[in-house]
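# Residue-level structural notes
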Amino acid sequence: MEANSSRELEARNYLEKHRIMELLTYLASALLFFRPEKPREYLISILERLRIAKVSGVAFPFFMDDSNIAAMFQMLDSSNKGSISFIQYKEALKTLGLCTADEVLKDDGHGITCEKFMREVNKRTQEIWSAF
């Protein structure tokens, strides 16, 4: 029994260290977003672009640009207040795979504007890609 739990812990640590779960979440999200005709080739192309970006310093292959992020914000801001609640913000980050369920985010009591939402999504996406 000890050996199994030790192996499980070792496996979990490996996955966390190399951020494999975040990578798999991103790849699955990209597949569902674009729904390419040839999914295997598409995944290979994303991984190849990631490798090139890491080596050359070019931009990482994001599947959402600012217009997509703004559109998501507008869907969350159904009353057109210009801001969303902190709870909506955290749930959106979790849905995008940019925040874990147990991550503690600081709520300053103010609504989240579109600019702040876009900035945070882009920042977190960049952090994830740079870790690979």
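Structure's up top.
What comes next is a walk through the structure. Everything numeric in this text was worked out from a predicted model, so none of it was measured.

### Details of the environment of S85
Considering the arrangement of structural elements, one finds S85 in the loop between β1 (83–84) and α5 (86–95). As for S85 and E103, which are separated by 18 residues in sequence, their C-alpha atoms are 17 Å apart.

### Examining the packing of aromatic side chains
Note on aromatic pairs: each is described by the distance of the centres and the angle between the planes. What the rule picks out here adds up to four aromatic pairs. A ring pair is formed by F34 and Y42, whose centres lie 6.0 Å apart and whose planes are at 55°; its orientation type is tilted. Given a relative accessible area of 16%, Y42 falls into the buried group. Relative to F117, the ring of Y89 lies with its centre 6.4 Å away and its plane at 70°, an arrangement referred to as edge-to-face. Of this pair, Y89 sits in helix α5 while F117 sits in helix α6 (residues 114–130); the two residues are 28 residues apart in sequence, bridging distant segments of the chain. Judged by relative accessible area, Y89 falls into the buried class, the value being 5%. In this structure F117 comes out as buried when scored by relative accessible area, which is 0%. An aromatic cluster of three or more residues is present, and its members are F73, F86, Y89 and F117.

How each quantity is defined
Residues numbered from 1 in each chain as written. Predicted model: local features only at pLDDT ≥ 70, side-chain atom pairs only at ≥ 80, totals over all residues. Heavy atoms only, no water. Helix = DSSP H or I, 4+ residues; strand = E, 2+ residues; numbered from the N terminus. Phe/Tyr/Trp six-rings, centres within 6.5 Å; stacked < 30°, edge-to-face > 60°. Buried < 20%, exposed > 50% of the residue type's maximum accessible area, 1.4 Å probe, protein only.

Interpretation note: all reported values are geometric properties and have no functional meaning in isolation.
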